[in-house]
Amino acid sequence: MRIVRDYQFVAPEDRGATVAIGNFDGVHLGHQAVIAQAKAAAPDAPLGILTFEPHPREFFAPDAPDFRLTNSEARATRLEKLDVELLYELNFNGPLAALPPREFAQKVIAEGLGLKHVIVGADFCFGKGRKGTAEDLQAFGAEFGFGVSIADLMDFDGTQISSTAIREALGDGRPHDAQAQLGHWHRIEGIVIGGEQRGRELGFPTANMSIEGLHPPKFGVYAVLVDVLDGPNEGSYIGAASIGTRPQFGENMPNIETFLFDFSGDLYGATLSVGLVHYLRPEWTFDSLETFIAQMHADCDQARDILEAL
């Protein structure tokens, strides 16, 4: 998958695509339906996604609570699995945000990226002040020479599939409900960073990753599926992960610490994708390290039983 970040500098081979436009936070089933419609609209054209980084909400409200389900790397990983060939991940900045809807359609979609056809959701808004609608885009497409299709919003059990509903499920410790709307296990992706190596000292060496910038799932212990995406230990594993502030050792910055079952090796600097499958318990504090270790053994046994039954 090729990534294009500036609509003013686009190689000839990266023009003429059919794209789905949106933020694609989580790449849930509704997003996947829009992507499938884009693919079907012009099967002979390259399949692309047009999105923005940072997320416009982060640009306009940088001090607001973290809300993203996925960082840009995890989103790209998921989109590549859906056979997306071109990811137009445009730098969202002041000049781009200031473009009125008509100028966005002309300068970005038609002239800049040279798109053949675009697919948007029925609730799509664009341009300065989010004043442009999906119907406006259809009119601009007719004017500037690109096709536009509007995809219906998807429902699940009578509820609209949305990143908001998925965030609520994860915040409540319901990864199965999140999975039902995502179409895949919710994953946290990042580079393994150095920690305080307490897990190693306790017999449970963990791969530590930051969750900064992400909407935090309910703090606690999870059964997880783990993909090591690069390095000498590349492959798929099962394990248990703790998300939170590690209250047994005082208050700390929230992170995710993952213990891979039946694994021996160095993961520092590797990129991991950790899928949350089942919420086991909240974060607790214990009277002794012996009690803490006994609980970690119990957590791992329960996680192994759950994951081996999938």
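This text goes with the structure placed above it.
Quick caveat, the model's predicted, so the values are computed rather than measured.

Asker: Sorry, what's going on with the overall build of the protein chain here?
Answerer: Along its length, the protein chain carries 10 helices and 16 strands. For 310 residues, the compact-globule estimate of 2.2 N^0.38 gives 19 Å, and the C-alpha radius of gyration of the protein chain, at 21 Å, lies within 12% of that figure. If you line up the protein chain on its principal axes, its C-alpha atoms span 70 × 40 × 35 Å. Within the protein chain, the proportion of its 310 residues that are buried is 49%. In the protein chain, of all internal contacts separated by at least 6 residues, the share reaching a separation of at least 24 is 73%. Entry remark: accessible area of the protein chain is about 14600 Å², with carbon and sulfur atoms responsible for 50%. Here the protein chain carries 24 positive and 44 negative side-chain charges, and the mean point of each set is 5 Å from the other.

Asker: When you look at the nonpolar core in this model, what are you seeing that I'm missing?
Answerer: General note: in soluble globular proteins, nonpolar side chains tend to be found buried as a group. Formed by 31 residues in total, the largest nonpolar core has its most connected members in Tyr88 and Leu137. Of all the secondary structure elements, the ones that give two or more residues to this core are β2 (18-21), β3 (47-53), β4 (86-91), α4 (94-97), α5 (101-112), β5 (117-121) and α6 (134-144). Counting residues per element, this core draws most heavily on α5, which supplies five residues. With sequence-adjacent residues up to four places away left out, Tyr88 is seen in contact with Val4, Asp14, Arg15, Ala17, Val19, Ile49, Leu50, Thr51, Leu113 and Leu115.

Asker: Looking at this model, I keep getting lost on helix α3 (residues 72-81). Mind explaining?
Answerer: Residues that lie three or four places apart on an α-helix share one face, since the helix turns once every 3.6 residues. Of all the positions in α3, only Ser72, Ala74, Arg75, Ala76, Arg78 and Leu79 are classed as buried. Buried residues in α3 make contact with α1 (29-41), β3, β4 and β11 (187-191). Asp83 lies just past α3 and shows a positive phi near 70°.

Asker: Explanation requested: the sheet that holds β5 in the structure shown.
Answerer: Consider a sheet: its strands pair through backbone hydrogen bonds, and that pairing is either parallel or antiparallel. With parallel pairing, six strands are arranged side by side in an open sheet as β1-β4-β3-β2-β5-β8. Edge strands, defined here as strands with exactly one partner in the open sheet, are β1 (2-4) and β8 (147-151). Pairwise comparison of adjacent strand axes, ignoring direction, gives a mean angle of 25° for this sheet. Note: β3 against β4, six bridges, orientation parallel. Looking at β4, one finds that Glu53 is bridged to Asn91. This element, α3, spans β3 and β4 of the sheet and lies at about 170° to β3.

Asker: Explanation requested: the sheet that holds strand β12 (residues 207-210) in the structure shown.
Answerer: As summarised here, the arrangement of the six strands in space is β11-β16-β13-β14-β15-β12, forming an open sheet in which the pairing is antiparallel. Each edge of the open sheet is held by one strand with a lone partner, namely β11 and β12. Between one strand axis and the next, the sheet turns through 35° on average, direction left out of account. Where strand β13 (residues 220-228) lies against strand β16 (residues 271-281), eight bridges are found, and the strand directions are antiparallel. Considered in β16, the bridge of Asp227 is made with Ser273.

Asker: Can you help me understand the packing of aromatic side chains in this one?
Answerer: What characterises a pair of aromatic rings is the spacing of the ring centres plus the angle enclosed by the ring planes. Counting across every chain of the model gives 14 aromatic pairs. Measuring from ring centre to ring centre gives 5.2 Å for Phe204 and Phe259, while their planes differ by 70°; the resulting arrangement is edge-to-face. With Phe204 in the loop between α9 (198-201) and β12 and Phe259 in strand β15 (residues 255-260), this pair connects stretches of sequence that are 55 residues apart. Given a relative accessible area of 6%, Phe204 falls into the buried group. Between Tyr222 and Tyr279, the ring centres sit 5.1 Å apart and the planes meet at 70°, which makes this aromatic pair edge-to-face. You can see Tyr222 sitting in strand β13 and its partner Tyr279 sitting in strand β16, a full 57 residues away along the chain. Taken together, the ring pairs connect Phe52, Phe59, Phe60, Phe92, Phe104, Phe124, Phe126 and Phe140 into an aromatic cluster.

Asker: For this particular structure, what's the right way to read the side chain of Arg68?
Answerer: With respect to the secondary-structure elements, Arg68 resides in the loop between α2 (56-60) and α3. A relative accessible area of 5% places Arg68 in the buried class. Here Glu58 takes part through its side chain, which lies 3.0 Å from a polar atom of the side chain of Arg68. Separated by 3.1 Å, the side chain of Arg68 and the backbone oxygen of Thr70 make a polar contact. In this structure, Arg68 is in contact with Asp25, Glu53, His55, Glu58, Arg75, Gly213, Leu214 and His215, ignoring residues within four places of it in sequence.

Asker: When you look at the pairing of β13 in this model, what are you seeing that I'm missing?
Answerer: Working note: regular strand, side chains alternate between the two faces of the sheet. Most of β13 is tucked away: nine of the nine residues are buried. Two strands pair when backbone bridges link them, and β13 and strand β14 (residues 235-244) are joined in this way by nine bridges, in the antiparallel orientation. Paired with Asp227 across the bridge in β14 is Ser236. Once β13 ends, the chain turns through six residues before running back antiparallel as β14, passing Gly231 with a positive phi of about 85°.

Conventions adopted
Residues numbered from 1 in each chain as written. Predicted model: local features only at pLDDT ≥ 70, side-chain atom pairs only at ≥ 80, totals over all residues. Heavy atoms only, no water. Helix = DSSP H or I, 4+ residues; strand = E, 2+ residues; numbered from the N terminus. Rg over C-alpha atoms; globule rule 2.2 N^0.38 Å. Buried < 20%, exposed > 50% of the residue type's maximum accessible area, 1.4 Å probe, protein only. Contact = heavy atoms within 4.5 Å. Areas by Shrake-Rupley, 256 points an atom, 1.4 Å probe, with all protein chains shown as cover. Lys, Arg positive; Asp, Glu negative; His and termini not counted. Charge placed at Lys NZ, Arg CZ, Asp CG, Glu CD. Core = buried A, V, L, I, M, F, W, Y, C linked by side-chain atoms within 4.5 Å. Pairing = 2+ DSSP bridges. Axes fitted to C-alpha atoms, helices over the stretch in contact; angles between N-to-C directions. Phe/Tyr/Trp six-rings, centres within 6.5 Å; stacked < 30°, edge-to-face > 60°. Polar contact = N/O pair within 3.5 Å; in protein donor to acceptor, adjacent residues only side chain to side chain.

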